[in-house]
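Residues per chain are reported as follows:
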Amino acid sequence: MNRKQFIKTSVATTGLVAVSPFALFGKSKDEPQLDKKIVAEFVGAGHGKFEKVKELLEEYPTLINAAHDWKLGDFETALGAASHVGHKELAQYLIDKGAQANIFTAALFGRIDIIKPMLDLFPSALNAKGPHGFTLLHHANKGGDEAKEVAEHLAYLGAKETKTALY
């Protein structure tokens, strides 16, 4: 590469780096966020108000993965809410609509095939704090007979607590 080509390439590259990520990904920094009150209502409904969840999701489809901060970083989604109260039907509905499932939801549904490799890869997740401090063991217990194998495996690994302090 000669000097002239180097300068042209450097100027072009610098120009790309200086471009706002919003311009690169087609989003404007001025686009509004979801209304925090609606997010709180949706996540609150995720604790068992199935019809309200359906209604809000129909009106605001982008709520599907919205998280509400109850306080000091206690983040929760509607799926997280349905999972920790053991509402499998609502949890499955949200997953079918595109909600991001996680290890806590896998524990609720008794998915030992997911839990074992996740804990092999990330052993400290055994004591992970879900919404409000509810643990994997709590979620497995909420899963009933379907999640009994998961609960037993978690206990074998040393899980004892069903809820821990967040702060």
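Scope of this entry: the structure provided in the associated data block. (Residues numbered from 1 in each chain as written. Predicted model: local features only at pLDDT ≥ 70, side-chain atom pairs only at ≥ 80, totals over all residues. Heavy atoms only, no water.)

Moving on to the environment of Leu119. In this fold, Leu119 is placed in helix 8 (residues 112–121). Between the C-alpha atoms of Leu119 and Ile103, which are 16 residues apart in sequence, the distance is 9.3 Å. Residues in contact with Leu119, not counting those within four places in the same chain, are Ile103, Ala125, Leu126, Leu136, Leu154 and Leu157. (Helix = DSSP H or I, 4+ residues; strand = E, 2+ residues; numbered from the N terminus. Contact = heavy atoms within 4.5 Å.)

Let us look at the packing of aromatic side chains. Applying the stated criterion to the full structure yields one aromatic pair. When the ring centre of Phe50 is taken as origin, the NZ or CZ atom of Lys54, which lies over that ring, is 4.7 Å away. Above the face of the Tyr93 ring, Lys54 is positioned so that its terminal group lies 5.7 Å from the ring centre. (Phe/Tyr/Trp six-rings, centres within 6.5 Å; stacked < 30°, edge-to-face > 60°. Lys NZ or Arg CZ within 6 Å of the ring centre and 35° of its normal.)

Moving on: the side chain of Asp74. On the secondary structure map, Asp74 appears in the loop between strand 1 (68–69) and strand 2 (75–76). Buried charged residue Asp74 carries no salt bridge. Nearest counter-charge: Lys71, at 7.2 Å. There is a polar contact of 2.8 Å between the side chain of Asp74 and the backbone nitrogen of His132. (Buried < 20%, exposed > 50% of the residue type's maximum accessible area, 1.4 Å probe, protein only. Lys, Arg positive; Asp, Glu negative; His and termini not counted. Salt bridge = Lys/Arg side-chain N within 4 Å of Asp/Glu carboxyl O. Polar contact = N/O pair within 3.5 Å; in protein donor to acceptor, adjacent residues only side chain to side chain.)

On the surface, Ile114, Met118, Leu121 and Phe122 cluster together into a nonpolar patch covering about 360 Å² of accessible area. Take Ile114: it is sitting in helix 8. (Patch = residues over 30% accessible without salt bridge, like charges linked within 9 Å, V, L, I, M, F, W, Y side chains within 5 Å. Areas by Shrake-Rupley, 256 points an atom, 1.4 Å probe, with all protein chains shown as cover.)

Another point: the packing of helix 4 (residues 50–59) against helix 6 (residues 88–96). Contact geometry of helix 4 with helix 6 gives a least axis separation of 10 Å together with a crossing angle of 15°. Overall, the two elements helix 4 and helix 6 adopt an arrangement that is roughly parallel. Helix 6 is crossed by helix 4, and the crossing has right-handed handedness. Here Phe50, Val53, Lys54 and Leu57 of helix 4 come into contact with helix 6, specifically with Glu89, Leu90, Tyr93 and Leu94. Across the contact of helix 4 with helix 6, the residue classes tally to six nonpolar, no polar and two charged. (Axes fitted to C-alpha atoms, helices over the stretch in contact; angles between N-to-C directions. Parallel < 35°, antiparallel > 145°, perpendicular 65-115°, else oblique. Left-handed = near helix turned anticlockwise from the far one by under 90°. Nonpolar A, V, L, I, M, F, W, Y, C, P; charged D, E, K, R; others polar.)

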